[in-house]
Amino acid sequence: MSVILALLITLIWILIILAIHKKTNRENIFQWLLSRSNKWIVYTLIAMLVFSLMLMAVAALRETVTWVNISLLPETPRIVTAFSLGLVCFLMANTNLKSICITNQFLLFFVVILGFFVAIVNMQYKDYSLLKPMFEHGYEPIFKGSIFPLSGFSELFLLLLIQDKIKEKFSYKQFAITAILLTSLTIGPLIGAIIEFSQGEAEKLRFPAYEEWELVSIGHFIEHIFFFVIYQWLTGAYIRISFVFFLIRELLSINNNKYSKYYYYAVFIIVEVLTLYPLSDFLYSKILFYVLLPYTAYFLLGFSCLLFLVITIAARKDRRINHEA
């Protein structure tokens, strides 16, 4: 129910995204603002966005490294895993958006197939009665829980940062379909964890998707094929982190500063350092669920509203100047 509520909020919020898209004439948002607004306001907005993107990269990289360390490579130093994955993503981000998109299209196909596979094969373990009662504790948990899927859905805002690289004009239908697809990708594994492990057990699982794969068996002779989840997880992390690094690189090169590439290298080093910063997994989980995820949702929703306000003021000022001229 929290995921469905988050979808409804997203469908309304999309209107702000489309308004920004229309007002900026599908140009690069910050270059459009630099020619119409105070440059220090624009640089402040860019700095805020780069900082948040860095946190997203750290969260994705650290979560992946933690999972690999706990589940697959307990004897491998974390620095090896973090640096290897981070460097591959960094190099991919140094190519171009087309390369990232083509790679994503190829890898995502198999991710979707494996998702349907694990859902069908585990049908024998599913008990849909565990989903009820839905409103056992009232409506408050639903409102509180909606912030977590919103942290993912709100990342639709990032498409605005590459609008100048997309030939087609954004439409409400496109965003709505994307939001619905994201909802299905979120709610599917969530329901699977509840009906396979029960609500109480699902809450205790650190990586429920991994645990669902451990249940998979085909007949009496084929089991322990949870290595497929490695492909699923690493594909998602690879594309996500690469895309975030790409956006950071684009933002840092807005003003064509000769030092922008050094800033970009510094960002990579900071992300790696924060990823490897010694924190217990228990403490990091608390920070992730109570700080980073809510922060992402609140920031992107709030930042989009702030950006809409700044762009609206700049557009009115621009029209007034043109009218006087």
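Residues numbered from 1 in each chain as written. Predicted model: local features only at pLDDT ≥ 70, side-chain atom pairs only at ≥ 80, totals over all residues. Heavy atoms only, no water.

*Asks:* Help me out: how do you make sense of the pattern of salt bridges in this one?
*Replies:* Here the idea is simple: oppositely charged side chains can pair when their charged atoms come close. Considering all chains together, one arrives at 5 salt bridges under this definition. Residue E155 is joined to R240 by a salt bridge in which the shortest nitrogen-to-oxygen separation is 2.7 Å. Here R240 lies in helix α11 (residues 228-252) and E155 lies in the loop between α7 (147-153) and α8 (172-197), a separation of 85 residues in the sequence. Residue class for R240 comes out partly exposed when judged on its relative accessible area of 31%. Between E201 and K204 there is a salt bridge, and its shortest N-O distance comes to 3.6 Å. Of this pair, E201 and K204 both sit in helix α9 (residues 199-204), 3 residues apart, roughly one helical turn. E201 sits in the partly exposed class, given a relative accessible area of 41%. Take K204: its relative accessible area is 64%, and that puts it in the exposed class. (Salt bridge = Lys/Arg side-chain N within 4 Å of Asp/Glu carboxyl O. Helix = DSSP H or I, 4+ residues; strand = E, 2+ residues; numbered from the N terminus. Buried < 20%, exposed > 50% of the residue type's maximum accessible area, 1.4 Å probe, protein only.)

*Asks:* Whenever I open this one, a nonpolar patch on the surface confuses me. Can you help?
*Replies:* Taken together, M1, I4, L8, M134, F135, Y139 and F143 make up a surface patch of nonpolar side chains, about 740 Å² in accessible area. Structurally, Y139 is set in the loop between α5 (97-121) and α6 (140-145). Among the residues examined, Y139 registers a relative accessible area of 57% and is labelled exposed. (Patch = residues over 30% accessible without salt bridge, like charges linked within 9 Å, V, L, I, M, F, W, Y side chains within 5 Å. Areas by Shrake-Rupley, 256 points an atom, 1.4 Å probe, with all protein chains shown as cover.)

*Asks:* Honestly, the packing of α5 against α11 in this entry has me stumped. Any pointers?
*Replies:* When two helices pack together, their arrangement is given by the angle between the helix axes and the distance between those axes. Where α5 meets α11, the closest approach of the two axes is 10 Å, and the angle between their N-to-C directions is 155°. Considering the angle they form, α5 stands roughly antiparallel to α11. Viewed along their axes, α5 and α11 form a crossing whose handedness is left-handed. Within the contact between the two elements, α5 uses L97, I100, T103, N104, L107, F110, V111, L114 and G115 and α11 uses F228, Y231, Q232, T235, Y238, I239, S242, F243 and F246. Within the contact of α5 with α11, the residues separate by chemical class into 12 nonpolar, 6 polar and no charged. (Axes fitted to C-alpha atoms, helices over the stretch in contact; angles between N-to-C directions. Parallel < 35°, antiparallel > 145°, perpendicular 65-115°, else oblique. Left-handed = near helix turned anticlockwise from the far one by under 90°. Contact = heavy atoms within 4.5 Å. Nonpolar A, V, L, I, M, F, W, Y, C, P; charged D, E, K, R; others polar.)

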